[in-house]
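Topology and contacts: notes
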Amino acid sequence: MPPKKRHSGLTGSREPKPDADSASSPDKQESPELSEEKHRDKNAEFVSLCKSLHVSDLLCDRAWVLWRTVQESMDKAPGSQERLWAACLFVTVTDMDAGCFTVTQVLKAVRLNLKQFLAVVRQLDVNLDTITTKVNSALTRLEKKYDVMLALYQRFEKTCKSIFVLTPDGRERETMRTCWTMFLLAKGRALQMEDDLVISFQLLLCTLELIIKRCSPDQLQPLYQSAISKVQSPPTRTSRRSQSKAKSRPAEPEVDARLLETLCKDNGCNIEEVKNVYNTSFLAFLDSMDLPRAAGVPQAKDINRQYEEHYLKSRDVDGRLFFDGDESVLPPKVQISQVERTPKKNQPDEDGPMIPPPTPIRAAMTSIQMLRGDLPSNGDRPSTTLATYFKNCTVDPTQDVQKRLETLGQVFSQKFGEAVGPHCVVYGQQRFGLAVRLYYKVMEAMLKSEEKRLSVQNFSKLLNDSTFHTSLLACSLEVVMATYEESSFRNGGGDQTGTNLCFPWILDVLNLTAFDFYKVIESFIKVEPTLSKDIIKHLETCENLIMERIAWRTGSPLFELLQQEHANAAAEPVETTASFSQPLQHNHTAADLYLSPMRQGMRVLPSDSPATPPQQPTASQSSSQAPCQAPRQPKSNSLSLFYKKLYRLAYTRLKTLCSYLLSSHPELEPIIWTLFQYTLQHEYELMRDRHLDQLMMSAMYAICKVKSVDLRFKSIVSAYKNMANTNQETFKNVLITEGHYDSIIVFYNQVFMQKLKTNILQHASTKPPPPSPIPQMPRSPYKFPNSPLRVPGSNNVYISPLKNSRMSPGIMTPRSRMLVSIGESFGLSNRFQKINQMVNSSERSHKRTMDPGSTLKPLKRLRFDMDGQDEADGSKPGGDSTLIQKLTEMSSTWSRMHEQKMKEDPDTREEPQ
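Calculation notes
- Residues numbered from 1 in each chain as written.
- Predicted model: local features only at pLDDT ≥ 70, side-chain atom pairs only at ≥ 80, totals over all residues.
- Heavy atoms only, no water.
- Helix = DSSP H or I, 4+ residues; strand = E, 2+ residues; numbered from the N terminus.
- Buried < 20%, exposed > 50% of the residue type's maximum accessible area, 1.4 Å probe, protein only.
- Contact = heavy atoms within 4.5 Å.
- Areas by Shrake-Rupley, 256 points an atom, 1.4 Å probe, with all protein chains shown as cover.
- 1 Å grid on protein atoms, 1.4 Å probe; cavity = no way out; pocket = protein on both sides within 12 Å on 5 of 7 lines; lining within 4 Å.
- Points joined across faces, edges and corners; volume = space filled by probe spheres on them.
- Arc of directions from axis to C-beta.
- Axes fitted to C-alpha atoms, helices over the stretch in contact; angles between N-to-C directions.
- Left-handed = near helix turned anticlockwise from the far one by under 90°.
- Nonpolar A, V, L, I, M, F, W, Y, C, P; charged D, E, K, R; others polar.
- Phe/Tyr/Trp six-rings, centres within 6.5 Å; stacked < 30°, edge-to-face > 60°.
- Salt bridge = Lys/Arg side-chain N within 4 Å of Asp/Glu carboxyl O.
- Polar contact = N/O pair within 3.5 Å; in protein donor to acceptor, adjacent residues only side chain to side chain.
- Expected span 1.5 Å × (residues − 1).
- pLDDT = per-residue confidence, 0-100.
- Pairing = 2+ DSSP bridges.
- Disulfide = S-S within 2.5 Å.

1. Details of the overall build of the protein
Along the protein, the regular secondary structure elements total 38 helices and 7 strands. Per-residue burial for the protein yields a buried fraction of 49% across its 913 residues. Intrachain contacts of the protein at a sequence separation of at least 6 include 75% that bridge at least 24 residues. For the protein, the exposed area adds up to about 44400 Å²; of that, 51% sits on carbon and sulfur atoms.

Here it is in structure tokens:
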């Protein structure tokens, strides 16, 4: 069974070594032996399985009832009965918090690996109510922990090959086994979040450092023989402990800095971060171990005994089986053959060696190095330019900014340590330090953009807005934690389970509302061009979560804005239906949204805003409002933009669900959308503490009902589960009344139908409501800087933007290095080198890049061979080849695209009246 939350203590276990009986069941004393007499009504093999797993009579009865329910609901049971029985036992034990067996024990009993077993358990959810929230969270946590452990072991195995010398007697295997088991024990004791990939890997390097310096030199490869410091003999636990009778730690820690630096360099880790892990979590772990205080590699028997105790208490997967290559933890074959799934090139004669995708650890280390490389070097202080912006304000915000960062830094670090594990506060301080540097960098870029747009330098109102600063800092922290893979979305990005750091954890820590946080996301992405594609997608997912659920929590300022909007302008909708059929203009800035911009027929900033240049009303504006006519009530820009994005998200998800269920009834989609949109506009209180998709599924069922289309809720939620970024909690636990939750069916009958019955029935009348306009689906505003753009009118011709590499060769992955240096060591390198020489020597090409307004002319020649033959299409040297013609078309298209972009640039375009 998946592990429970760890206790925070690091004290070593001193319980006696478990015997064979106790090893077979972690809590056998709590589970009386099964009585076969009481279970004669059950299948004998099922009872035998329960007995082998030391299941109590009560658990056996409940698991059997669950099995009978599943059996009746399944047309044909997938897989063997024994495996389904094991899945029923796992679900029952998890729901009841019973400690009968470990995950490994149930895997061994039914001869399945972990991934296969997880799939079998999820197959039980035939009625969509078999798997509870608790079980689903346990499955998700177990799967993520397994993925992290598999990635760690694969890297461990690879690293050991470069460290240890192979010997005929296999001594190095025993050393490696001790090292791996010791690491598993350290990870289990030091971390509450054992699925934290980066900190776990840093702990692994600390363990390797300890084992390497205690090995005999003849066991090590030459690189690591020379890496061990010669100035000191391998330290012993005795000398260190004898000096720590007092509570002070020795001035110089045990770590061999030279050896640890070698390990970090070979694995792309930041040496300072690994030192911190060593001096905090790892040394605390060593202090807690009940091992002989002697030099040399720790005894495998003692390490194994302590890990056995930990594994049985956690009721988890036995991590030692990775080292043994046990089938229960082997990855599925489809994961092993990742390279075979890589698309092949079209030209077989130019095939180079296949480059596999980067491993999870390599990808994480590269992302961290890129983040650090992109941040300014002035530390956690504002740059000279940013300090000037602060001084130009009517009220200098410098002191408030520093005090806010100090306060929030302490809060964040403390909460981070509580979530990750004891002695992990220092890691939170590291993350916060990186986020502060990013916060200052992005703020400066935003202010420069605003200065260019508004021709002002006094941003006093914006820079003295505490919500703006907290939101910008929260976004920076989210980027840092996502880079360290500590904030990732699993199972549809639902609420965090256990003690992980997934969004919206950061909002709770900084006491920030989701609606305020959403305002900064788009501007943050626009002004920070170095964000990776994965991070941009992560922030976009955060924005979607806010719109579909988090912003609708009780206490959100969104409801206050909506109430003001409807009270002040009852005749005018929150967002006119005609407007959201128009293109969504992504020209809003963070300053616009945080300064509560209000528009009276047009979007303007408040008149008292120092960021607003004085404007005289035009003649058209003066004549459009008669003196006797009352001015229109101002409308919030932040609310207007939120609803535009909300409508587009809602329609996109509805269209996807309709494609699954109503492909034979396309006429129903606009009717469902009309009801759905009406609900969001006029009955927004139905969204309070609920999810956007709950209204979507209810609207679909309601319209199908009145249109006499046979579509049941079971079919709707079954299709919904197949959509991206969904969570079963969305339809299993819906707010009915305050504090009471039930299924989506109960919500429809008791809440949705009662509130919208009149409107629903209108769609069945001869005069139905007019259809709502379909929102236009624009391209995402979050453009990836390195994404190629397709040339209009062509099927497979793309233009990629020219961008200098910001990665040094030392931190490139094989794939990124291949992209930058395309002709170094594979394929027909001489051809690529000639192309590079021609491009690099072309000053005209460089000038064209610097002068976008000039007319582009194609190169006269682009030949693979110097003898004049064009290999692209075999044409003769005298005429223009197809390739040259295509390049000409691409150049012309590029010019048109640039001119169009200049026309659409918000800096040069007047606001619509």
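More follows now that the structure is in view.
2. Structural notes on empty space enclosed by the protein
All chains considered together, the criterion is met by 3 cavities of 30 Å³ or more. The volume enclosed by the largest cavity comes to roughly 70 Å³. Contributing to the lining of the largest cavity are 12 residues, with K145, E194, Y307, H310 and V317 lying nearest its centre. Mapped onto the lining of the largest cavity, the elements with two or more residues apiece are α7 (133–161), α8 (171–190) and α14 (300–314). Tallying contributions element by element places α14 first for the lining of the largest cavity, with 4 residues.

3. Describing helix α18 (residues 384–391)
Turning to α18, its buried residues number three or more, namely L386, Y389 and F390. Seen along its axis, α18 keeps its buried residues to an arc of 100°; they face one direction. The exposed set on the far side of α18, more than 90 degrees from its buried face, consists of T384 and K391. Among the structural elements, α19 (398–420), α20 (425–454) and α21 (460–463) are those in contact with the buried residues of α18.

4. Some points on the packing of helix α31 (residues 692–706) against helix α34 (residues 744–762)
Put simply, α31 and α34 touch, their axes get as near as 10 Å, and they point 65° apart. Handedness of the crossing formed by α31 with α34: right-handed. For the pair formed by α31 and α34, the contact residues are Q694, L695, S698, A699, Y701, A702 and V706 on the first element and I744, F747, Y748, F752 and I760 on the second. Looking at the contact of α31 with α34 residue by residue, the classes come out as 10 nonpolar, 2 polar and no charged.

5. Here we look at the packing of aromatic side chains
Taken as a whole and assessed by the stated rule, the structure comprises 36 aromatic pairs. Ring geometry for Y153 against F323: centres 6.4 Å apart, planes inclined by 80°, an arrangement best described as edge-to-face. Residue Y153 is found in helix α7, and its partner F323 is found in helix α15 (residues 320–324); the two are separated by 170 residues along the sequence. Of the two residues, Y153 and F323, both sit in the buried class. Where F503 meets F517, the ring centres are 5.4 Å apart and the plane angle is 40°; that geometry is what we call tilted.

6. A short note on unusual backbone geometry
Backbone torsion omega between F503 and P504 reads 15°, so that peptide bond is classified as cis. Along the chain, P504 falls in the loop between α22 (466–483) and α23 (505–510). If you check the backbone angles, N725 has positive phi at about 55° while not being a glycine. One can find N725 in the loop between α32 (713–721) and α33 (729–732).

7. Quick notes on the pattern of salt bridges
Two side chains bearing opposite charge may form a pair once their charged atoms approach each other closely. Evaluated as defined, the whole model comprises 29 salt bridges. The partner of K115 in a salt bridge is E143, with the nearest N and O atoms 3.1 Å apart. Residue K115 is located in helix α6 (residues 114–123), and its partner E143 is located in helix α7; the two are separated by 28 residues in the primary sequence. The pair formed by K115 and E143 is uniform in burial state, with each residue classed as buried. Each of K115, R122, E143 and D147 takes part in one network of salt bridges that share partners.

8. As for the packing of α22 against helix α24 (residues 514–527)
Two elements in contact, α22 and α24, have axes whose closest approach is 9 Å; the angle formed by their N-to-C orientations is 65°. For the crossing formed where α22 meets α24, the hand is right-handed. Contact with α22, carried on its side by T467, S471, L472, A474, C475, S476 and V479, involves D516, F517, V520 and F524 of α24 and no other residues of that element. Of the residues belonging to the contact of α22 with α24, the class tally is 7 nonpolar, 3 polar and 1 charged.

9. As for the environment of S460
Assignment of secondary structure puts S460 in helix α21. S460 sits in the buried class, given a relative accessible area of 7%. S460 sits 68 residues away from N392 along the chain, and the two C-alpha atoms are 7.9 Å apart. At 3.2 Å, the side chain of S460 and the backbone nitrogen of V395 are in polar contact.

10. Focus: the environment of S765
Inspection of the secondary structure puts S765 in the loop between α34 and β6 (789–790). In this structure the C-alpha to C-alpha distance between S765 and V706, which are 59 residues apart in sequence, comes to 9.5 Å. Within the structure, S765 has its side chain in polar contact with the backbone oxygen of Q762 (distance 2.6 Å).

11. Comments concerning helix α3 (residues 57–73)
Its 17 residues place the ends of α3 25 Å apart at the C-alpha level, agreeing with the 24 Å of an ideal helix rising 1.5 Å per residue. Every buried residue belonging to α3 is among D57, L59, C60, A63, W64, L66, W67 and V70, and all of these are buried. Residues of α3 that are buried in the fold lie against α2 (44–52) and α4 (81–96).

12. Brief notes about the confidence of the model for the protein
Put simply, the protein has an average pLDDT of 76, and 66% of its residues get 70 or more. The model gives residues 335–351 a pLDDT under 50, and that stretch makes 16 contacts with residues more than four places away or in other chains. Scored below 50 in pLDDT, residues 597–633 shows 62 contacts in the model against residues more than four places distant or in partner chains.

13. Overview of the environment of V436
Within the element layout of this structure, V436 appears in helix α20. The spatial distance from the C-alpha of V436 to the C-alpha of G379 is 8.5 Å, given a sequence separation of 57 residues. Other than its neighbours up to four places away in sequence, V436 contacts D380, L405 and L473.

14. Topic: the pairing of strand β4 (residues 734–737)
Bridge analysis of β4 against strand β5 (residues 740–742) gives 3 bridges, and the strand direction is antiparallel. Considered in β5, the bridge of L735 is made with Y741.

15. Some details on the state of the cysteines
By the definition in use, this model includes 0 disulfides. Free of any disulfide, C475 has its nearest cysteine sulfur in C542, 7.8 Å distant.

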